[in-house]
Amino acid sequence: MNKNKEPYPNEYEEVDLRELIMTLWNGKWIIISLFIVAVFVTAFYSMFMIEPTYEGKASLLIMPPTYTTSLDVSTLPVNTYENIALTDTIKQDIINELDLTKSDGSSYTVENLENMMVLEVKTREIEDDSENKYPFLVMKVRSSDPKLSSKIANTWANKFMKTSKEIRKGEVQEVTGVIIEQFEDTDKKLSIAREELKDFEKENRLSLKNSKLEIMTDKLSDYEDKLITLKTNLGSEKNKYKDILAQLDKLEKDGEWKGELSKNNLENKELMTNTSNYLLMQERLLEFRKNNNLDILSQEIDTKELLIKKYQENQAEIEDELNNLINENKEINNLLEAEDSRWKLKRSLSNNAFWNNILDEEQIEILKDLTLTDEIVNPIFQNLKTKYSNSKISIESIPVQIQYYERKIKEEKEKLDNLKSELVEKEQKEEKLVSDLNNYKKIYDNEASIYRSLIADKLESEMKIDSLTAQIDFYDSKVDELESDIKLLQDEIWEAEIRKKELSQRVTDIQNTYIRLSEKVEEARLTEAQRTSDVKFIARAVPPNQSIGSNTKLNIVIAGVLALMLGVFIVAFKNMMATDEVN
């Protein structure tokens, strides 16, 4: 019987799982109620009871300078940077600069700020030739205010950089102080040496003296060249003067020219012949001009030409008048043919005032058809006929006048031709005489000009010889004077150049020392500048968007899971207790 009641293992497990599910289902409201209460309580507590915490982070990198110098000092250990960053002085400076106060209005203490600050030291690889790893500082500040946390972190980083900078400056100040002192002393010596050299150059002015020496040397060379040229010209001019005197000796007698017109010189037959011919041609030309006045003949020709011109103008005027009269008569004749010699006038009887006075209106109307005709002489016809007759008389008389002027013009032209022929003949004779006279005059003037030219050349040569002699004397004295001045100036320049070389060498030596010390000073300053930049900002702190103190969603999830587990446990425990009571 007991065997029948004992179930198989599989059947037992199936019944047990079903009972468990039924148990949980029966206690579902307990589980759900616990879950809802836990979620709401956790959410309320997280959102309203717990104050969120925000973390601001500023990152700094500690690395040695890129360029090293002989005055370079070793980098500080990492723990030294940590101690510097967490000193109370830096914390108090942060509080004072940001004026940090609590919610009750009291100022922050160093301990309050220290509780908010966390310093982490990491290592960041920097790719360079040595592949070193440099310290990497992360300055974290936690606060309920995100802006305040980032502001404190940035201020902390700035204060740390400033403090490290001041520390590193002090490391090279003692070294640079000695170098700068030596440098300043050398600078003073260099200034004094330069001033001495400057005063010496200002006092002696070697460049001006050398320029002056060069100018004087060039001038001496010019004077010497000028002397050679002048002496050469003087020799040439003296030879020329001798030639002129020899030529004048042939043309003069007792200091006077042999070709004067008032003298008869038998020694030079050619000159005498030319002189006689010239005087003879002058007499013939004067005799011809005395017997033949060509100006009067030219005036007669001009008079005849004017008279002929006047006759021609009168003839042209008369011919124009004749043509005008002929054309006018033709027009008058045409008008006479078109014009009646008498005019006929018709008039009505009714218009007569006499009838108007003795007749009535009906009778006057009858008289309207009756007219009277009168004849009178045409005055226009009579005037035209008279004018035609006068013009005809003028036309018949004008040809006689034209023939008169034609005859007179012909006569005067014949006289004019005779006068012109006579004038041409006499002008040719005069021209021949003038031509012969000019030829003889040219021969004589040529002889005279040769003599005058020789006289002028003689005077000019004498003046040139005197001038050249005076210039040679002048340049001789100038050459002697310049040679003496050049020697004195060369001695001064040589002494000054020796003194200048000594001063310049002294300046060069001091300047070399100055340059070396200057490089040391720059090296010290560079070392100081490099050391002030050991700590560099990698990333400045920015206000965080998410808190780190409470995570509401995660808290709600955890509370819900725990509430479900607790509800399952309570339902299971309650069911177990009920089963035990029943058994």
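On a predicted model such as this, the values are computed, not experimentally measured, just so you know.

## Comments concerning a negative patch on the surface
Taken together, the side chains of Glu214, Asp218, Asp222, Glu224, Asp225, Asp480 and Glu483 present a region of like negative charge at the surface. Secondary-structure elements contributing two or more residues to the negative patch are helix 8 (206-251) and helix 13 (379-531). You can see aspartate 218 is positioned in helix 8.

## Re the packing of aromatic side chains
Under the criterion given, the structure shown has three aromatic pairs. Look at tyrosine 223 and tyrosine 475: their rings are 5.3 Å apart centre to centre, the planes differ by 55 degrees, and that puts the pair in the tilted class. Highlighted residues: tyrosine 223 in helix 8 and tyrosine 475 in helix 13, separated in sequence by 252 residues. The same class applies to tyrosine 223 as to tyrosine 475, namely buried. Taking the centre distance of 5.3 Å and the plane angle of 75 degrees together, the rings of phenylalanine 474 and tyrosine 475 count as edge-to-face. By relative accessible area, which is 42% here, phenylalanine 474 ends up partly exposed. Joined through ring pairs, the aromatic side chains of Tyr223, Phe474 and Tyr475 make up one cluster. Positioned over the ring face of tryptophan 25 is lysine 28, at 4.1 Å from the centre of the ring.

## So, a nonpolar patch on the surface
A surface patch of nonpolar side chains, about 630 Å² in accessible area, is lined by Ile30, Leu566, Phe569, Ile570, Phe573, Met576 and Met577. Of the residues forming the nonpolar patch, the biggest block, six residues, is contributed by helix 14 (residues 552-582). By the element assignment, methionine 577 lies in helix 14.

## Examining the pattern of salt bridges
If you walk through the whole model with that rule in mind, you get 13 salt bridges. Of the charged contacts in the structure, one is a salt bridge between lysine 140 and glutamate 120, with a shortest N-O distance of 2.6 Å. Here lysine 140, found in strand 3 (residues 133-143), pairs with glutamate 120, found in strand 2 (residues 117-125); they are 20 residues apart in sequence, far enough to count as distant. For lysine 140, a relative accessible area of 12% gives the class buried. The partly exposed category is assigned to glutamate 120, whose relative accessible area is 25%. Across the salt bridge formed by arginine 499 and glutamate 502, the nearest N and O atoms sit 3.4 Å from each other.

## Here's the deal with the confidence of the model for the chain
Detailed reading of the predicted model is not advised wherever pLDDT is low. For the chain, per-residue confidence averages 76 on the pLDDT scale, and 77% of positions sit at 70 or higher. When pLDDT is averaged over each helix and strand of the chain, the minimum, 42, is found for helix 1 (residues 2-5) and the maximum, 88, for helix 5 (residues 88-98). Low pLDDT (under 50) marks residues 1-15, which in the prediction has one contact with non-local residues, meaning those over four places away or in another chain. Predicted confidence for residues 125-130 stays below pLDDT 50, and this span has seven contacts to residues more than four positions away or in other chains.

## Here's the deal with the nonpolar core
If you look at the biggest cluster of nonpolar residues, it comprises 26 residues, and the most contacted ones within it are Leu100, Leu113, Met139, Ile152, Trp156 and Phe160. In terms of residues, this core owes the most to one element, helix 7 (residues 146-204), which gives six residues. Other than its neighbours up to four places away in sequence, phenylalanine 160 contacts Leu60, Tyr81, Ile84, Ala85, Ile90, Leu137, Met139 and Val535. With 25 residues, the next largest nonpolar core counts Leu206, Ile472, Tyr475 and Leu503 among its residues.

## Some remarks on the side chain of threonine 42
Along the polypeptide, threonine 42 turns up in helix 3 (residues 28-49). Residue classification places threonine 42 among the buried residues on the basis of a relative accessible area of 19%. Among the polar contacts listed, one links the side chain of threonine 42 to the backbone oxygen of alanine 38, at a separation of 2.7 Å. In this structure, threonine 42 is in contact with Asn555, Ile556 and Ala559, ignoring residues within four places of it in sequence.

Reading guide: rules and limits
- Residues numbered from 1 in each chain as written.
- Predicted model: local features only at pLDDT ≥ 70, side-chain atom pairs only at ≥ 80, totals over all residues.
- Heavy atoms only, no water.
- Patch = residues over 30% accessible without salt bridge, like charges linked within 9 Å, V, L, I, M, F, W, Y side chains within 5 Å.
- Areas by Shrake-Rupley, 256 points an atom, 1.4 Å probe, with all protein chains shown as cover.
- Salt bridge = Lys/Arg side-chain N within 4 Å of Asp/Glu carboxyl O.
- Lys, Arg positive; Asp, Glu negative; His and termini not counted.
- Charge placed at Lys NZ, Arg CZ, Asp CG, Glu CD.
- Helix = DSSP H or I, 4+ residues; strand = E, 2+ residues; numbered from the N terminus.
- Phe/Tyr/Trp six-rings, centres within 6.5 Å; stacked < 30°, edge-to-face > 60°.
- Buried < 20%, exposed > 50% of the residue type's maximum accessible area, 1.4 Å probe, protein only.
- Lys NZ or Arg CZ within 6 Å of the ring centre and 35° of its normal.
- pLDDT = per-residue confidence, 0-100.
- Contact = heavy atoms within 4.5 Å.
- Core = buried A, V, L, I, M, F, W, Y, C linked by side-chain atoms within 4.5 Å.
- Polar contact = N/O pair within 3.5 Å; in protein donor to acceptor, adjacent residues only side chain to side chain.

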